[in-house]
Amino acid sequence: MAERRLLVLFGSQTGTAQDTAERIGREAKRRHLQCRVEALDSCDVANLIHEPLVVFVCATTGQGDPPDNMKMFWRFLFRKNLPAGSLCQLDYAVLGLGDSSYPKFNFVAKKLHKRLLQLGGNPLLPVALGDDQHDLGPDAVVDPWLMALWDKILALYPLPPGLEIISPDVRLPPKYTLHYLPEDSPHPNSDLLQLAAPQAAPCELHPFAARVVSNQRVTAQSHFQDVRLIEFDITGSGITFSAGDVVMIQPQNCPEDVQQFCQLLCLEPHRHFVLEPMEPGTPLPPLLPQPCTIQYLVTHYLDISCVPRRSFFELLAFFSTNELEREKLQEFSSAQGQEELYSYCNRPRRTTLEVLWDFPHTTCAIPADYLLDLIPRIRPRAFSIASSLLAHPERMQILMAVVRYKTCLNKPRRGLCSTWLASLNPEQGDVRVPLWVKKGGMKFPADPATPVIMIGPGTGVAPFRAAIQERVALGQGGNCLFFGCRYKSKDFYCQMEWEELVTKGLLTLFTAFSRDQVSYLVSLQEEKVYVQHRIQENGRLVWELLSSGNAHVYLAGNAKEMPAAVAKALQLVLQLEGGLSPLEAEEHLTALERSQRFQSETWS
């Protein structure tokens, strides 16, 4: 009988694809399949030729890019020298998770499916395209697709005689067991940040603990949004970066939330424990020291401020000793209850900690062994670097908006990382932040003499500040910046810096202050001026830089309406100043994108 073995590989940026992959892993165990669930870059791609059955779960990021933890796999898979039939023994299925409001919806899953076909793989099902925009989220596609997948897999690999599918009412064992150490046993101090080894470039497993030098608010106190310019000292880190690169920061939960969580679950913060895998071969979580304290686990690892996913409620229901609470949790984890779960959790952005407050009888019955199955780890956050090493040696700066907004809940919602960073006061001692750098998506011209047009409303200006500092340090002009914000007096970040460069002839600056222009006698909508309007007004210069100067165009900022509005403005410039037809203008802009002369980095 064929070996009943399944490999589930995921490419995940925010954790959704990983959560879905782990769900497939649990369902495989219920069907008595040997199953491994891994990030694509953790798996040895060369071994794919020995795998009989693989399910790929892939998100799409940015402009149709693969997530960070599948980039090496992606490069390998698209090597031109791979033989056409190299995966002919592979039965596979591809599940994509995306957002149809983006132009390259589920681009990675579609392209992966096509490539696996080219290499001779045998698809068990058509590629599935989960959509965040659906009323019920990606599960509207995932649920029926998984039912069809298990039918196909069990037809190929029937259950062994005498075995049945383990009922969903039976709780699966945890991934790890948590063993408390005797309170009087000596422990090394495991709660220190794991610093990068000397000479090793800092990375996610070994971040550099950078000292916070300054934390300055750059918006007026009267402005609704708190935006910070934060500077880190990276002396001795070995970190190097260029304009367009990104710094990854590992945040932590606030002490009040940690204390509440421990009280709710009746956990002793200072108890030490070690983890042991339930199944041999399961690696320990690499970011947790061994032994570890409960305090460290909850502060640095468990994401108690994230909005919990459906799988959280599914597992939580097993622990419930209270009938009412159990019924509600089961409803939230059922396919029929997804609309209600969305209203309870996703729409108001209710956090894991707040959900635990709402189910007190269940919460106090959660076994510590299941903490790592129940709550995902805190993910690092990415920020565009807003400074150049040429201008600020041994320093790194970020420009960060503190995330704070209202929903129907009384308490305002706060971003975990930005709230934590904003709270750090370097005047109160040696304040450290774990960070590392990764290459960004934007590449500035190798020849600094090439002119650049940069369009960066709001904090989208951050990577352009780094580029301008870098180019100015090399004595290079040809810097054209379109910056937009609400009010000149309240949120014109780095105003003095820009104006000084304009005076020196090193920068051409166009600003759009959307609320300053508004005449309250006229409809608010008519009078607002944004960066796209300034691009059209200065179309002649933009066209000259593009046509004669061979300029590169860069766009960064919010992914909502702005990127499409800017693309439309650029097309109008190509038509009005370059004499192109609407179709030619669209094709010209696409050609600029292909040749990397038009690059954008947007976020939602």
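None of these values were measured; they are calculated from a predicted model.

Calculation criteria
Residues numbered from 1 in each chain as written. Predicted model: local features only at pLDDT ≥ 70, side-chain atom pairs only at ≥ 80, totals over all residues. Heavy atoms only, no water. Buried < 20%, exposed > 50% of the residue type's maximum accessible area, 1.4 Å probe, protein only. Helix = DSSP H or I, 4+ residues; strand = E, 2+ residues; numbered from the N terminus. UniProt positions renumbered as here; feature names shortened; annotations may be inferred. Core = buried A, V, L, I, M, F, W, Y, C linked by side-chain atoms within 4.5 Å. Contact = heavy atoms within 4.5 Å. Salt bridge = Lys/Arg side-chain N within 4 Å of Asp/Glu carboxyl O. Axes fitted to C-alpha atoms, helices over the stretch in contact; angles between N-to-C directions. Left-handed = near helix turned anticlockwise from the far one by under 90°. Nonpolar A, V, L, I, M, F, W, Y, C, P; charged D, E, K, R; others polar.

What to know about helix H6 (residues 294–301)
Given 3.6 residues per turn, any residue in an α-helix points the same way as the ones three and four places further on.
Then, number 1: In terms of burial, H6 is a largely internal element, six of the eight residues being buried.
Then, number 2: All buried positions along H6 are accounted for by Ile 294, Tyr 296, Leu 297, Val 298, Thr 299 and Tyr 301.

A few points about the UniProt feature "domain: FAD-binding FR-type" (unreviewed entry) in the chain
Then, number 1: Mapped onto this numbering, the UniProt entry gives "domain: FAD-binding FR-type" (unreviewed entry) at residues 205–445.
Then, number 2: Split by type, residues 205–445 is 29% helix and 21% strand. Its first and last C-alpha atoms lie 32 Å apart.

Some words on the nonpolar core
Then, number 1: Counting residues in hydrophobic clusters, the biggest one holds 43 residues, and the most contacted among them are Phe 261, Leu 297, Leu 302, Phe 313 and Leu 371.
Then, number 2: In terms of residue count, helix H7 (residues 310–319) provides more of this core than any other element does, six residues in total.
Then, number 3: Here Leu 297 is in contact with Phe 273, Leu 288, Cys 292, Leu 302, Leu 371 and Leu 372, once residues within four sequence places are set aside.
Then, number 4: Core analysis: the next-biggest nonpolar cluster, separate from the first, contains 29 residues, Leu 229, Val 452, Met 454 and Phe 464 among them.

Focus on the pattern of salt bridges
Then, number 1: For the structure on display, the rule yields 31 salt bridges.
Then, number 2: In this structure, Asp 139 and Arg 310 form a salt bridge, with 3.0 Å as the shortest nitrogen-oxygen distance. Here Asp 139 is found in helix H4 (residues 139–156), whereas its partner Arg 310 is found in helix H7, with 171 residues between them in sequence.
Then, number 3: The class for Arg 310 is buried, based on a relative accessible area of 14%.

Focus: the packing of helix H14 (residues 462–473) against helix H15 (residues 495–503)
Then, number 1: Contact geometry of H14 with H15 gives a least axis separation of 13 Å together with a crossing angle of 35°. The two elements H14 and H15 cross, and the hand of that crossing is left-handed. Seen from H14, the contacting residues are Arg 465, Ile 468, Gln 469 and Val 472; seen from H15, they are Glu 497, Trp 498 and Leu 501.
Then, number 2: For the contact of H14 with H15, the per-class residue count stands at four nonpolar, one polar and two charged.

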